[in-house]
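Inside the fold
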Amino acid sequence: MRILGEAAQVVGVGLLGALLAFLLGAVPAAPEEAGACGGGPTEGAALTWVSPADARPLLGTAGVVFVDARDRAEYRSGHVAGSVHTPVVGGVVRDGALEPLRGATTVVAYCDSSEQCARSVRLAGILTEAGFPDVRVLEGGFPAWLDAGYPAEAGEH
């Protein structure tokens, strides 16, 4: 029972921190309108959006990392080829999750447009706040990537 109480405190503190950062304007707001992920930036959002067609040439380029913000099951079922799995759960990433991304000059975050890209928008905010120099959000998320016929793979690596 004590462990559950401590876990609830940790989650509560993390959510409180995320809410405080959002209220202070440190993290860009997630798109609010339906389909906003496919349509690019929403009014007032300070994000850099990239279309699948513009993101495709970046895949495999030195210093560029594609980052999947979806949960483990979604990632394992299919993801951008060579992407790194960095799930956003409850608006936060686990400790140490950003370490594999250190040294990247460009990070392209994506999730699933059925979530209106909330997870990738949140991840982009976390990455920007952590000092990554060029963070972008993939318009349309993984479904748009697949629709364009771009490289994807399944499983973990």
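Conventions and cut-offs
- Residues numbered from 1 in each chain as written.
- Predicted model: local features only at pLDDT ≥ 70, side-chain atom pairs only at ≥ 80, totals over all residues.
- Heavy atoms only, no water.
- Helix = DSSP H or I, 4+ residues; strand = E, 2+ residues; numbered from the N terminus.
- Buried < 20%, exposed > 50% of the residue type's maximum accessible area, 1.4 Å probe, protein only.
- Contact = heavy atoms within 4.5 Å.
- Salt bridge = Lys/Arg side-chain N within 4 Å of Asp/Glu carboxyl O.
- Core = buried A, V, L, I, M, F, W, Y, C linked by side-chain atoms within 4.5 Å.
- Phe/Tyr/Trp six-rings, centres within 6.5 Å; stacked < 30°, edge-to-face > 60°.
- Pairing = 2+ DSSP bridges.
- Axes fitted to C-alpha atoms, helices over the stretch in contact; angles between N-to-C directions.
- pLDDT = per-residue confidence, 0-100.
- Lys, Arg positive; Asp, Glu negative; His and termini not counted.

**Concerning the overall build of the protein**
Across its full length, the protein holds six helices and seven strands. For the protein, buried positions account for 39% of its 157 residues. Of the contacts made within the protein by residues no fewer than 6 positions apart, 71% connect residues no fewer than 24 positions apart.

**Thoughts on the pattern of salt bridges**
Summed over all chains, the structure comprises six salt bridges. The closest approach of N and O atoms between Arg 119 and Glu 74, which form a salt bridge, is 2.9 Å. With Arg 119 in helix 5 (residues 118-129) and Glu 74 in helix 4 (residues 72-77), the pair connects residues that are 45 residues apart, well separated along the chain. In this structure, Asp 134 and Arg 136 form a salt bridge, with 2.7 Å as the shortest nitrogen-oxygen distance. The exposure class of Arg 136 is partly exposed, given its relative accessible area of 21%.

**Digging into the nonpolar core**
In this structure, Val 93, Leu 98, Leu 101, Leu 123, Leu 127 and Phe 132 are the most contacted members of the largest nonpolar core, which totals 23 residues. Looking at this core, the element that brings in the most residues is helix 5, giving five residues. Apart from the residues lying within four places of it in its own chain, the contact partners of Phe 132 are Leu 98, Leu 101, Arg 102, Ala 104, Val 107 and Leu 127. Listed in part, the 12 residues of the second largest apolar core include Ala 55, Phe 66, Val 80 and Leu 138.

**Description of the packing of aromatic side chains**
A ring pair, where both rings are aromatic, is described by two values, the distance of the centres and the angle of the planes. Evaluation of the coordinates by the stated rule reveals three aromatic pairs. Ring centres of Trp 145 and Tyr 150 lie 5.0 Å apart, and the angle between their planes is 65 degrees; on these two criteria the pair is classed as edge-to-face. Residue Trp 145 is classed as buried on the basis of its relative accessible area of 0%. Looking at Tyr 150, the relative accessible area reads 22%, which means it is partly exposed.

**Description of the sheet that holds strand 2 (residues 64-68)**
A sheet is described by the order of its strands in space; here five strands give the open sequence 1-6-5-2-4, paired in parallel fashion. The sheet is open, and its two borders are formed by strand 1 (48-50) and strand 4 (84-85), each paired with just one other strand. The sheet contact formed by strand 2 and strand 5 (residues 106-110) spans five bridges and is parallel. Paired with Val 64 across the two strands is Thr 106, which belongs to strand 5. Strands strand 1, strand 2, strand 5 and strand 6 (135-138) of the sheet are contacted by helix 5, whose axis makes an angle of about 175 degrees with strand 6.

**Thoughts on the confidence of the model for the protein**
With 69% of its residues at a pLDDT of 70 or more, the protein has an overall mean of 78. Across residues 1-36, where pLDDT falls below 50, the model places 31 contacts with residues more than four positions away in sequence or in other chains. The model gives residues 39-45 a pLDDT under 50, and that stretch makes seven contacts with residues more than four places away or in other chains.

**Things to note about the side chain of Asp 112**
Within the fold, Asp 112 resides in the loop between strand 5 and helix 5. This buried residue, Asp 112, is left without a salt bridge; Arg 70 holds the nearest opposite charge, at 4.9 Å. If near-sequence neighbours (up to four positions away) are discounted, Asp 112 is found in contact with Arg 70, Glu 74, Cys 117, Arg 119 and Pro 143.

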